[in-house]
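Each chain, written out:
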Amino acid sequence: MARARAARVPVEHRIFGLDRRSLPFALAAVGVWLLWTVVLPWVDGRIGWEDTIRAGDRVQLTDDVTFAPAPGWGLQSGLRTTDRTSSGITSTPQVELTNDGVIFLAQRGAWKGTPRALLDQITKITSTEAGRDSFELSTRPTTLQTASGVDGVLEGFRTPRSEGLIAAFVFGDTGLQVQVVGAPAQLADRSEEIGRMLSSIRQEASAR
Amino acid sequence: MTAITDSLERRRDAIAVSGWGARFHFFQPHNACFWVYLGLVASGLWYVITAVQSTRGAFNEAYATALVSSGLFTLAFLWFLHWSDRWERTPASLALAAFVGGGVAAPFAIAITGNGAIMSIYTKVFGQAWATDWQAGLTAPFVEETSKGAIFLLMMGLAPVVIRTVSDGLIVGAYVGLGFQILEDIFYAQNAAFAQFGAHQSEAVLGTFALRAITGIPSHALYTALFGAGLVYVIGTSAQPRRVGRGLALVAAAMLFHGVWDSAAAIGGPVFVLFVLFLTMVFCLVALFVAIRWAGGREREFMRDIMTPEVANGTISAAELDALTGHRKDKRAALRTRPESVSRRREKHVLRAARDLAEDLAASAGADTPEVEHSRAEISRLRAH
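The structure contained in this document is the topic of the report that follows. Remember, predicted model here, so these are calculated numbers, not experimental data.

Remarks on the environment of Ile201 of chain A
Residue and element names in this part refer to chain A.
Item 1. As for its position among the elements, Ile201 is in the loop between helix H4 (184–199) and strand E13 (202–203).
Item 2. Placed 172 residues apart in sequence, Ile201 and Ala29 show a C-alpha to C-alpha distance of 49 Å.
Item 3. If near-sequence neighbours (up to four positions away) are discounted, Ile201 is found in contact with Leu61, Val65, Thr66, Phe67, Thr146, Ser148, Phe169, Phe171, Leu176 and Val178.

Quick word on unusual backbone geometry
Residue and element names in this part refer to chain A.
Item 1. A positive phi is found at Phe16, a non-glycine position, where the angle reads about 50°.
Item 2. Judged by its relative accessible area of 83%, Phe16 falls in the exposed class.
Item 3. In the Ramachandran plot, Asp100 falls in the positive-phi region, its phi being about 55° despite a non-glycine side chain.
Item 4. Its location among the elements puts Asp100 in the loop between strand E6 (94–99) and strand E7 (102–110).
Item 5. Classification of Asp100 by relative accessible area gives partly exposed; the value is 41%.

Quick look at the packing of aromatic side chains
Item 1. Tallying each qualifying case throughout the model produces 16 aromatic pairs over all chains.
Item 2. Pairing Phe169 of chain A with Phe171 of chain A gives two aromatic rings, centres 6.4 Å apart and planes at 25°, and the pair type is stacked. Phe171 of chain A carries the same exposure label as Phe169 of chain A, and that label is buried.
Item 3. Each ring, one from Tyr233 of chain B and one from Trp294 of chain B, has its centre 6.3 Å from the other, and the planes form 80°; the classification is edge-to-face. Of the two residues, Tyr233 of chain B is situated in helix H9 (residues 220–235) and Trp294 of chain B in helix H11 (residues 264–312); the sequence distance between them amounts to 61 residues.
Item 4. An aromatic cluster of three or more residues is present, and its members are Phe26, Phe27, Phe34, Trp35 and Tyr37 of chain B.

A word on the pattern of salt bridges
Residue and element names in this part refer to chain B.
Item 1. Summed over all chains, the structure comprises 25 salt bridges over all chains.
Item 2. One salt bridge connects Arg376 with Glu310, and the closest N-O pair in it is separated by 2.8 Å. Of the two residues, Arg376 is situated in helix H15 (residues 370–384) and Glu310 in helix H11; the sequence distance between them amounts to 66 residues.
Item 3. Overall, Arg376 belongs to the buried group, its relative accessible area being 12%.
Item 4. Residues joined by salt bridges that share partners form a network here, namely Arg11, Glu310, Asp368, Glu373 and Arg376.

What to know about the sheet that holds strand E3 (residues 59–60) of chain A
Residues and elements named next belong to chain A.
Item 1. Strand order in the open sheet formed by 3 strands is E3-E4-E13, and the pairing between neighbours is antiparallel. Edge positions in the sheet fall to E3 and E13, since each of these pairs with one other strand and no more.
Item 2. In this structure, strand E4 (residues 65–67) lies alongside E13, joined through 2 bridges in antiparallel fashion. Within E13, the position partnered with Val65 by the bridge is Gln203.

Remarks on the interface of chain B and chain A
Item 1. Counting residues at the interface gives 48 residues for chain B and 52 residues for chain A.
Item 2. Both sides together, the interface formed by chain B and chain A hides about 3800 Å², and carbon and sulfur atoms give 70% of it.
Item 3. Seen at the junction of chain B and chain A, the total is 1 salt bridge.
Item 4. Across the salt bridge formed by Asp44 of chain A and Lys124 of chain B, the nearest N and O atoms sit 2.9 Å from each other.

Some points on helix H10 (residues 244–262) of chain B
Residue and element names in this part refer to chain B.
Item 1. In this model H10 runs 27 Å from its N-terminal to its C-terminal C-alpha over 19 residues, within 8% of the 27 Å that 1.5 Å per residue would give.
Item 2. Among the residues of H10, Gly247, Leu250, Val251, Ala253, Ala254, Met255, Phe257, His258, Gly259 and Trp261 are the ones counted as buried.
Item 3. Tucked into the core, H10 has its buried residues touching helix H6 (140–158), H9 and H11.

Regarding the environment of Ala239 of chain B
All names here are of chain B.
Item 1. Tracing the backbone through its elements, the reader meets Ala239 in the loop between H9 and H10.
Item 2. Look at Ala239 and you get buried, because its relative accessible area is 0%.
Item 3. With 59 residues separating them along the chain, Ala239 and Arg298 place their C-alpha atoms 8.1 Å apart.
Item 4. Look past the residues within four positions of Ala239 in its chain and what remains in contact with it is Val17, Ser18, Arg164, Thr165, Arg298 and Phe302.

Comments concerning H4 of chain A
Residue and element names in this part refer to chain A.
Item 1. The terminal C-alpha atoms of H4 lie 21 Å apart, and with 16 residues this matches the ideal 22 Å at 1.5 Å per residue to within 8%.
Item 2. Its maximal kink placed at Arg190, H4 deviates by approximately 55°.
Item 3. Those residues of H4 lying buried are Leu187, Arg190, Glu193, Ile194, Met197 and Leu198.
Item 4. Buried-residue contacts for H4 involve E4, E6, E7, strand E10 (151–158), strand E11 (163–171) and strand E12 (174–182).

Definitions and limits used
Per chain, residues are indexed from 1 in the order of the written sequence. Think of it this way: whatever chain is written first is A, whatever ligand is written first is 1, and the rest follow in order. This being a predicted model, a pLDDT of at least 70 is required before a residue's local features are given, and a value of 80 or more before pairs of side-chain atoms are given or counted; all residues contribute to the totals for chains, interfaces and linings. Hydrogens and water are ignored here; the side-chain numbers use all heavy atoms of the structure. Helix and strand assignments come from DSSP, with helices taken as H or I runs of at least 4 residues and strands as E runs of at least 2, each series counted from the N terminus. For this analysis, residues touch if any pair of their heavy atoms sits within 4.5 Å. For every residue, the accessible area (1.4 Å probe, protein chains only) is compared with the maximum for its type, and the residue is labelled buried under 20%, exposed over 50%, or partly exposed between those bounds. The criterion for an aromatic pair is that two Phe, Tyr or Trp rings (for Trp, the six-membered ring) have centres within 6.5 Å, with stacked assigned to planes under 30 degrees apart, edge-to-face to planes over 60 apart and tilted to the rest. Only one rule defines a salt bridge in this text: a Lys or Arg side-chain nitrogen within 4 Å of an Asp or Glu carboxyl oxygen. Pairing between strands requires that DSSP locate at least two bridges from one strand to the other. Note: buried area is the sum, over both parts, of the accessible area (probe 1.4 Å) each one loses when the two are combined. To estimate the expected span of a helix, count its residues, drop one, and scale the result by 1.5 Å. The quantity called bend is, for any residue, the angle between two axes fitted respectively to the seven residues ending at it and the seven beginning at it.

In short, shape yes, function no, at least from these values alone.
See below:
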């Protein structure tokens, strides 16, 4: 009985069964939540995106590997060869470009094996993440040679909603994977550009 | 007689005002903070489960390594926090609630979305190069510190009697920050493994973990300890008069250190980056020392009011009371002036036992309960040896 009384909120502090004194703390926390999960994403959505690749632009895939995205694609993340940073960073771990719903994603990382072994490893990770039931390879791995003579391997895949390709290259101790994903129709429309982008990957003579 | 009555009255007042000895009950359905806390933790937990489940097969080794290494780091840090919590022990259930809120709700129900939105805005407005340099340092201090601050406020709302002093702010804030740090480390482990295409996962995770542990002084635990202490000053409680200037200084310090640490490469460039990191570490330690010093003032007053009657009844000496409520030199003085029959080590035990007595007195609201009598008897036993 005494316990029930102790748990009851004094009448002067009661509002809808809650203790009025707890409201400022609760509302402040809700305010922070609203600010970062509702207001800021809304503001972000209102700001237009305009970082289009122009003819002649090259983007850094690693500190000494670059490629030439097709003009008109939007650079979502990544540094151009002409970009200068205060930190001295010349490339980002991931490069992402989009055009017409097609995503071109490149990622670098430490790798000491062959391009084929890298492709197998990427396929394993990607199929696990996507779910084995919804991910299937659509083409067998084939050799790909860029315009500068770099050898890589390439395979196609499909999921219930999209199609795509995975390419793997190795430059010294650095592996590079490229994934291109999109709806089948859009992907077909851009296939020539995508081929040229892959072909333009090259290792520069020296790092900047 | 009047003096004794007065000192007992002051003891009762000190216990009532300080909230020392107050208990914490997590289940508070009449408290709005309880429901907001549950909602945020549930939301964060859903994110964690979904994220881990989608990569479960691919990064099992990384997750296992991260759990073991982060678990060991947590144990070491928990021991440190328990040791630092010298005035009034934070109830374990409150510490756990702060840890879970900081680890699950703050990053995954609040900060992760905010971080993404602000970074996207920076890239759109200032360009890729600028964003590469500054987006981390100009995002995390605002989003992550306020997210953890929100969890700290919920803790204040859930435990208004327990969290009343700046010292409480430091300790509970540190628990919130520790939770954030550990869960963030586990997700960084996934990133580290992913960055090597899922190969050599243990080595990748341990490398990242070792780097974060070595440079761990300016960590989320420290930032949120400062932020929490600052919030107590800004809000003010019955035990801590409002001091907005000090509070804002601590809040700003937490955000500034976080920002400089995350932007060290851009500030120092390739040449001075290590120097910037070192300086930040030094300033972090100085700020923590200052905050502990500020926090100690009020707690010392409470300790003096609670333990002064024990000098009158002969349980402890005046020098021992000074040692309990003073600084290192007062402790040294008490050790010097101990009775000849008591060893230096034994006198240190007496001082520790006197703190236990203060805790028991606070828990009994100053009444002579069996626990209080036991603690007094312990002090006598230690002296008699």
